[in-house]
Amino acid sequence: QEFLVQSGGGSVQAGASLKLSCVPSGYSFQEYAMGWFRHAPGKDREFVATIRNNATHYADFVKGRFTISRDNKDAVTLEVHSLKPEDTATYYCAASRRYGLLPFRDYEYQIWGLGTQVIVSS
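Residues numbered from 1 in each chain as written. Predicted model: local features only at pLDDT ≥ 70, side-chain atom pairs only at ≥ 80, totals over all residues. Heavy atoms only, no water.

We now examine the side chain of R65. With respect to the element layout, R65 can be found in the loop between β6 (55–58) and β7 (66–70). A distance of 2.8 Å separates polar atoms of two side chains, one belonging to R65 and the other to D87. Excluding residues that lie within four positions of it along the chain, R65 makes contacts with E79, V80, H81, S82, L83, K84 and D87. (Helix = DSSP H or I, 4+ residues; strand = E, 2+ residues; numbered from the N terminus. Polar contact = N/O pair within 3.5 Å; in protein donor to acceptor, adjacent residues only side chain to side chain. Contact = heavy atoms within 4.5 Å.)

Okay, the packing of aromatic side chains next. Taken as a whole and judged by the stated rule, the model has eight aromatic pairs. Where F47 meets F104, the ring centres are 6.1 Å apart and the plane angle is 65°; that geometry is what we call edge-to-face. Taken together, the residues F47 in strand β5 (residues 46–52) and F104 in the loop between β9 (89–96) and β10 (111–112) connect sequence positions 57 residues apart. You can call F104 partly exposed: its relative accessible area is 36%. Every member of this aromatic cluster is reached through a ring pair, and the members are F37, F47, Y92, F104, Y109 and W112. The ring of W112 carries R45 above its face, with NZ or CZ at 4.1 Å from the centroid. (Phe/Tyr/Trp six-rings, centres within 6.5 Å; stacked < 30°, edge-to-face > 60°. Buried < 20%, exposed > 50% of the residue type's maximum accessible area, 1.4 Å probe, protein only. Lys NZ or Arg CZ within 6 Å of the ring centre and 35° of its normal.)

Below is the structure:
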């Protein structure tokens, strides 16, 4: 069975950095696009970033503060810098079988991690 194991996150002060990791298990996800989404209380889930091979795409609000990367063992990392209170959310890793343009809508992703919480205090 395919699943995604997430780690990282935590509670930090504004301006801090964190590293979120996502390790696929049970299947090779090398041909998949891997993405990050976040869900804040009272808001809709929103796209953060995605990567397939060396191609990446970010949400506009990232503005250079976040970096998505992927190692040769399928693990995907999201480095988040200069965190703001409005970045507080549960962050989800996801995998998409979709080909063509990099997927950025949540319905384009078929496999989801359980989420990891990021809390940023001012």
